[in-house]
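An overview of the molecular structure
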Amino acid sequence: MSERTTASSASPAVGRALDILLYLAGRSGLVQAAALARDLSIPKSSAYHILSVLADRGFVTYVAKEQAYGLGVSSFEIGSAYLRHEPLERQARPILRSLSDQLGQTVHLGVLHGAETVYLLKEGPSAARSGEAGVTLVTDVGVRLPAHLTANGCAILAHSTEAQLRAAFPRPGSLVTRTGKGPRSMAELRCLLARDRERGWSEEIEMVSEGFRSVGVAAFDHNQRPLAALSSTWHRHHCRHEVDHVREVLRKGAARLTAAVSGRSPAVGPR
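Counting restarts for each chain, with residues numbered from 1 along the sequence as it is written. Where totals are concerned, whole chains, interfaces and linings use all residues; where local detail is concerned, this predicted model gives features only for residues with pLDDT of at least 70, and gives and counts side-chain atom pairs only at 80 or more. Side-chain calculation: all heavy atoms of the structure are included, whereas hydrogens and water are not.

A few words on the overall build of the protein. A tally of regular secondary structure across the protein gives 11 helices and eight strands. Across the 271 residues of the protein, 46% fall into the buried class. Throughout, a contact is declared for two residues whenever any of their heavy atoms are within 4.5 Å. In the protein, the proportion of contacts linking residues at least 24 apart, taken out of those at least 6 apart, comes to 63%. Per-residue and other accessible areas follow the Shrake-Rupley method at a 1.4 Å probe size, with only the shown protein chains counted as cover for residues. Accessible area for the protein stands at about 13500 Å²; split by element, carbon and sulfur atoms hold 51% of it. Under the scheme used here, helices are H or I runs from DSSP no shorter than 4 residues and strands are E runs no shorter than 2 residues, and both carry numbers assigned from the N terminus. Each residue's exposure class comes from its accessible area (1.4 Å probe, protein chains only) as a fraction of the maximum for that residue type: buried when under 20%, exposed when over 50%, partly exposed otherwise.

Structure representation (structure tokens):
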């Protein structure tokens, strides 16, 4: 008997919990417990018990209105932690340097951590090349910002599932703002994300900092899921390029990163 078989036999609940998480990760929407138990050949009583434990720890979320389950914030946090490891950063760093040189402005790599954007890399040109000496951005490496306010975060959220959105924003009500601008409700956010998903890129104007503008484009994994985003931020009154040019440069960079991690970009358009 192999070590894997022995471990599975000794800890069936652990194996079933992992099977449930992988099952939910492979679904685009919410799943009812009965269907999950049937598809995984797990007794209903065991499925409900494991789902309850996973929900208590934030790995799954229960939507009472639909009596169904989806992945929770803790699952996304683990995924984001994996993506923050060196392989992704090593693949992205030369791409960001190239984009920053092309644009003459700051470029970032960011991922989602719950409902926040976490910036993993930041590449900027020299002050002489950028023409923005003395300009300080809040988007340093390690900084977290509300994802719905950043072009980087919205580029990822636009391609996330409804279950993932509900897990990231579980509490109804107004969304936070920094400058008084930006979506204030989930209905407004969903509308903006639908627009961004259809056109394939996101932007924010003075939603993070007064006087600044950003554009973001997502990169994807082998399952066509957003794993990170590339974005560029500049002072809107000292713009070196048209927005369409910035977007196109970022789009090509995101395509390079997607290819570097053996990913596949989804077809752009409404669901």
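Further remarks concern the packing of helix H3 (residues 33-40) against helix H4 (residues 44-56). Taken N-terminus to C-terminus, the directions of H3 and H4 make an angle of 120 degrees; their axes are 9 Å apart at the nearest point. Seen from above, H3 lies across H4 with right-handed handedness. Contacts between H3 and H4 involve Ala33, Ala34, Leu36 and Ala37 from the first element and Lys44, Ala47, Tyr48 and Leu51 from the second. Across the contact of H3 with H4, the residue classes tally to seven nonpolar, no polar and one charged. Note on geometry: axes are C-alpha line fits, over the in-contact stretch for helices, and angles between N-to-C directions span 0 to 180 degrees. Note: crossing handedness is left-handed where the near helix turns anticlockwise from the far helix by less than a right angle, and right-handed where it turns clockwise. Only Asp, Glu, Lys and Arg are considered charged, only Ala, Val, Leu, Ile, Met, Phe, Trp, Tyr, Cys and Pro nonpolar, and every remaining residue, Gly among them, polar.

Leu88, Leu109, Leu230, Leu250 and Leu257 are the most contacted members of the largest nonpolar core, which totals 26 residues. Put simply, the parts of the chain that give this core at least two residues each are helix H6 (86-103), strand S3 (106-113), strand S4 (116-123), strand S7 (212-220), strand S8 (226-235) and helix H11 (243-260). In this structure, Ile20, Leu21, Leu36 and Leu54 belong to the second largest nonpolar core, which totals 20 residues. As used in this record, nonpolar core signifies buried Ala, Val, Leu, Ile, Met, Phe, Trp, Tyr and Cys residues forming a set joined through side-chain atoms within 4.5 Å.

Here we come to the packing of aromatic side chains. Two rings from Phe, Tyr or Trp (for Trp, the six-membered ring) form a pair when their centres are within 6.5 Å of each other. A pair whose planes differ by under 30 degrees is stacked, one over 60 is edge-to-face, and the rest are tilted. Counted by the stated rule, this structure contains one aromatic pair. On the numbers, 4.9 Å between centres and 45 degrees between planes, the contact of Tyr62 with Tyr69 is tilted.

With that settled, consider the pattern of salt bridges. A pairing counts as a salt bridge when a side-chain nitrogen of Lys or Arg comes within 4 Å of a carboxyl oxygen of Asp or Glu. Applying the stated criterion to the full structure yields 15 salt bridges. A salt bridge links Glu123 to Arg97, with the shortest nitrogen-to-oxygen separation between them at 3.7 Å. Taken together, the residues span a long stretch of sequence, with Glu123 in strand S4 and Arg97 in helix H6 at a distance of 26 residues. Salt bridges linked by common partners bring Arg195, Asp196, Arg199, Glu203 and Arg213 together as one network.

Tracing the sequence through the fold places Val118 in strand S4. When the C-alpha positions of Val118 and Gly153 are compared, they lie 8.6 Å apart, and in sequence the two are 35 residues distant.

Let us now look at the side chain of His148. Note that His148 resides in the loop between strand S5 (144-146) and helix H8 (151-157). For His148, a relative accessible area of 4% translates into the label buried. Within the structure, the side chain of His148 is placed 2.9 Å from the backbone oxygen of Val176, a separation counted as a polar contact. If we ignore the near neighbours within four places in the chain, the residues touching His148 are Cys154, Leu157, Phe169, Leu175, Val176, Pro183 and Leu189. We call two N or O atoms a polar contact when they sit within 3.5 Å, provided that within protein one can donate a hydrogen and the other can accept it, with sequence-adjacent residues counted only if both atoms are side-chain atoms.

With that settled, consider the side chain of Ser202. Tracing the backbone shows Ser202 in strand S6 (residues 202-205). Polar side-chain contacts of Ser202 include one of 3.2 Å to the backbone nitrogen of Ala155. Not counting residues within four places of it along the chain, the set of residues in contact with Ser202 comprises Ala151, Cys154, Ala155, Asp196, Ser214, Val215 and Gly216.

Looking now at the pairing of strand S1 (residues 60-63). Successive residues of a regular strand alternate their side chains across the two faces of the sheet. Between any two strands, at least two bridges found by DSSP are needed for them to pair. Bridging between S1 and strand S2 (residues 68-71) involves four bridges; their strand directions are antiparallel. In the strand pairing of S2, Val63 is matched with Ala68.

Moving on, we get to H3. Because an α-helix packs 3.6 residues into every turn, residues spaced three or four apart end up facing the same way. Those residues of H3 not exposed but buried are Ala33, Ala35, Leu36 and Ala37. If you follow the buried residues of H3, they end up packed against helix H2 (12-25), H4 and S2. Of the residues one or two after H3, Ser41 is the one with positive phi, at around 55 degrees.

Time to look at H11. To estimate how far a helix should extend, the number of its residues minus one is multiplied by 1.5 Å. Taking 1.5 Å of rise per residue, the 18 residues of H11 would be expected to cover 26 Å, and the 26 Å separating its terminal C-alpha atoms lies within 8% of that figure. Every buried residue belonging to H11 is among Val243, Val246, Val249, Leu250, Gly253, Ala254, Leu257 and Thr258, and all of these are buried. Following H11 by one or two positions, Ser262 has its phi on the positive side, about 60 degrees.

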